[in-house]
Amino acid sequence: MSGHGSVEDARPGRIDAVEVRHPWRWVALAVIAVLVAMLAHLLVTSPAFDWAFTLEVMNQTAVIRGLLLGTLLMTVLAMVIAVVVGVLLAIARLSDNPLLSGAAWVYTWFFRSIPRYVLLFLTGTLGALFADGLSLGVPFDFLLTDVLGTPELRFFSVDQATVYAWLGGYAGGVLALGLSEAAYMAEIARAGLLSVDRGQHEAAAALGMTQRQVMRRVVLPQAMRVIVPPTGNEVIAMVKDTSLLSALPVTVELFYQVTLISGRTYQVLPALAAAVIYYLVLTSVLMVGQHFLERRFGRGFGQGAGARTAAAGVAVGPGAQK
Amino acid sequence: MSAGAAREPLVRAVNVHKSFGQVEVLRGVDLDVHAGEVVCLLGPSGSGKTTFLRCINALERIDGGRIRVDGELIGLEERGGRLHRLPDARIAAQRRDIGMVFQRFNLFPHMTALENVTEAPVRVRGVARAEARERALALLERVGLADRVHNYPAQLSGGQQQRVAIARALAMRPKLMLFDEPTSALDPELVGEVLAVMRELAADGTTMVVVTHEVAFAREVADQVVFMDGGVVVERGTPADVIGAPRHERTRAFLARVRDDD
Ligand SMILES: Nc1ncnc2c1ncn2[C@@H]1O[C@H](COP(=O)(O)OP(=O)(O)OP(=O)(O)O)[C@@H](O)[C@H]1O
Ligand SMILES: [Mg+2]
């Protein structure tokens, strides 16, 4: 204190201090730069890489079909099932009805326990269960036939071969990925529903809304704010899990098509690079989509609202005077 | 419902009992509220005021006694000589005629002020959108928020939010308005604007049951003041009697404490 009289004058003025230095940032920068340079050098000069071939692979009709149908469309369809089933499971799980909440719990337990690759494999073989094919109609109608002599009560039937083809193909993939993902979406949706204040349920109920209306109009829209960000992660994970579809087998799928080409040509690295690039592009596009969804469901909350509050705050006074 | 209902009080609560687990929170509460009347419920914290108010619109389910609003049993139905609890849809229908304003506003944060007010008339009453909007604008103007209709709740002050909440409840054209400490979550300088709106409603003949700690408001606006403690009504009467000349020691002690706060 005593020796610094000149720095601490009576009324301190403008600060002209030495900024804190960050020497390690420069070290880190140098290390990263060297690593990136090495990697780039390797990718460009290595004889195992052939960028022209990578481009060629990316342009193959079969690869593009695999990307659009097996990866992109499959992701969309599976996630639609997952979100719908997941939200229903979450509502069931939170209901007062012990049967519903128990069933939802068992569902989540079952599908979270089975690795997706195993589940896809299993789905492909499930046709074996349906030796008589699959029908839509009155359950256990054959018992009625035995007792009452009624005819078969079935509106719609397919034989076992068809069931095999469905479960062991694209539909099986959508179903298995969608139902498995629903178990994870259920947990996400449950967290979202629980994040909505009880007062919201009560205010809506006090206006005379039925439980369904309370859920649809008041609780779910608010829960979406909490549900959307982790769901974005799930979508991106799903994009990558479509690469497991060959277990079924589904062959219109990006990764499978690329491995076919690499197996045929022995150009493994450049072929895989094609898949990697497509996955990067797809994920980037999805991240943009997620950003807009978050904005949509963030209405009235968070930063957007805050900024407008600041603007509105200027006029609060006169408004309040009325 | 029945003929001669006009002479009946709009709200008739008889011997209402309510327990949470082992704890009996309401121990035989009686209350009559006539159409056009303003009743203020006073009482210390934990005396059961909020719980009783929530029983009137079946947000809580009562264990004993009966509550009738406009002659209709709330939450129950007498059928074949037995009482039956009403299913959710029927209870929802009963709540449509009873507006409620909460301590913490509970506006829908994802909707603008205008949407908050039109939501229930459109979805629940099936009022045409244009008509609901027109009425909502009129109501928002009435509570002094004509220039705030497109703001989200997060963009409004507490007092403004509570006034939107009042407009939201009024939009259903309720027969009865319930207020649970509508001003106690507000900064002191915002209390006045909400009480002003409520004063106006009272003057217009709105039937109101108001839980409040605003003794001055109760004294000025209430037709009947009810003092509750320990889950029972200790004292009731005109504001002049209950607030001006309380007969019970507990009422006197409570009023002394509340006035000290002012
Ligand atoms: N959902 C609940 N579960 C258990 N106990 C409850 C519940 N709601 C209220 N209680 C209890 O019931 C009693 C009465 O509560 P209530 O909220 O009705 O009091 P109050 O008179 O409104 O008090 P305050 O002036 O603090 O709002 C309290 O002891 C409270 O702890
Ligand atoms: Mg209370």
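Residues numbered from 1 in each chain as written. Chains lettered and ligands numbered in written order. Predicted model: local features only at pLDDT ≥ 70, side-chain atom pairs only at ≥ 80, totals over all residues. Heavy atoms only, no water.

A few points about the overall build of chain A
What chain A contains, in helices and strands, is 13 helices and 2 strands. In terms of overall dimensions, chain A has a C-alpha envelope of 110 × 75 × 35 Å along the principal axes. Within chain A, the fraction of its 322 residues that count as buried is 35%. Put simply, of all contacts in chain A between residues at least 6 apart along the chain, 78% involve residues at least 24 apart. Total accessible area on chain A stands at roughly 19600 Å², and carbon and sulfur atoms take up 68% of it. Charged side chains of chain A number 22 positive and 20 negative; the gap between the two group centres comes to 11 Å. (Helix = DSSP H or I, 4+ residues; strand = E, 2+ residues; numbered from the N terminus. Buried < 20%, exposed > 50% of the residue type's maximum accessible area, 1.4 Å probe, protein only. Contact = heavy atoms within 4.5 Å. Areas by Shrake-Rupley, 256 points an atom, 1.4 Å probe, with all protein chains shown as cover. Lys, Arg positive; Asp, Glu negative; His and termini not counted. Charge placed at Lys NZ, Arg CZ, Asp CG, Glu CD.)

Description of the pattern of salt bridges
Between side chains of opposite charge, pairing is possible as soon as their charged atoms come close. All names here are of chain B. For the coordinates displayed, the defined rule picks out 23 salt bridges over all chains. Across the pair Glu77 and Arg79 runs a salt bridge, and its minimum N-O distance is 3.0 Å. Judged by relative accessible area, Arg79 falls into the partly exposed class, the value being 45%. For Arg123, the salt bridge is made with Glu119, and the minimal N-O distance between the two is 3.9 Å. (Salt bridge = Lys/Arg side-chain N within 4 Å of Asp/Glu carboxyl O.)

Concerning the pairing of strand S7 (residues 82-85) of chain B
All names here are of chain B. Pairing between strand S6 (residues 76-79) and S7: 4 bridges, direction antiparallel. When the sheet's bridge partners are listed, Leu76 is paired in S7 with Arg85. Following S6, the chain reverses through 2 residues before pairing antiparallel with S7; Gly80 in that reversal takes a positive phi of roughly 55°. (Pairing = 2+ DSSP bridges.)

With respect to the site of ligand 1
All names here are of chain B. Near ligand 1 the following residues occur: Phe20, Val25, Pro44, Ser45, Gly46, Ser47, Gly48, Lys49, Thr50, Thr51, Glu181 and His213. Residue Thr50 places a side-chain N or O atom 2.6 Å away from an oxygen atom belonging to ligand 1. Within the side chain of Glu181, an N or O atom sits 3.2 Å from an oxygen atom of ligand 1. When ligand 1 is considered free in solution it has 640 Å² of accessible area, and contact with the protein chains removes 58% of it. In terms of residue count, helix H1 (residues 49-56) provides more of the shell around ligand 1 than any other element does, 3 residues in total. Residue composition of the shell around ligand 1, grouped by class: 3 nonpolar, 7 polar and 2 charged. (Near = heavy atom within 4 Å. Polar contact = N/O pair within 3.5 Å; in protein donor to acceptor, adjacent residues only side chain to side chain. Nonpolar A, V, L, I, M, F, W, Y, C, P; charged D, E, K, R; others polar.)

Comments concerning helix H6 (residues 188-203) of chain B
Residue and element names in this part refer to chain B. Taking 1.5 Å as the rise per residue, H6 with 16 residues should run 22 Å; its terminal C-alpha atoms sit 23 Å apart, in good agreement. Among all positions in H6, only Leu190, Val191, Glu193, Val194, Leu195, Val197, Met198, Leu201 and Ala202 are buried. Positioned one or two residues after H6, Gly205 has a phi angle of 90°, which is positive. (Expected span 1.5 Å × (residues − 1).)

Structural notes on the side chain of Asn57(B)
Assignment of secondary structure puts Asn57(B) in the loop between H1 and strand S4 (64-69). Overall, Asn57(B) belongs to the buried group, its relative accessible area being 1%. The contact partners of Asn57(B), leaving out residues within four places of it in the chain, are Ala206(A), Arg95(B), Ile98(B), Met100(B) and Leu178(B).

Points about the sheet that holds strand S9 (residues 176-180) of chain B
All names here are of chain B. Spatially, S8-S9-S10-S3-S11-S12 is the arrangement adopted by the 6 strands of the open sheet, whose pairing is mixed. Because the sheet does not close on itself, it has two edges, and the strands there are strand S8 (98-101) and strand S12 (232-237). This sheet shows a mean twist of 20° between the axes of neighbouring strands, independent of strand direction. Together, strand S3 (38-42), S9 and strand S10 (208-211) form the strand contacts of H6, whose direction differs from that of S10 by roughly 150°. (Axes fitted to C-alpha atoms, helices over the stretch in contact; angles between N-to-C directions.)

Brief notes about the nonpolar core
Val16(B), Phe52(B), Phe108(B), Leu176(B) and Leu178(B) are the most contacted members of the largest nonpolar core, which has 80 residues in total. Considering each element in turn, this core owes the most residues, 10 residues, to helix H8 (residues 170-195) of chain A. Ala167(B), Leu170(B), Leu186(B) and Met198(B) belong to the second-largest nonpolar core, a separate cluster that totals 49 residues. (Core = buried A, V, L, I, M, F, W, Y, C linked by side-chain atoms within 4.5 Å.)

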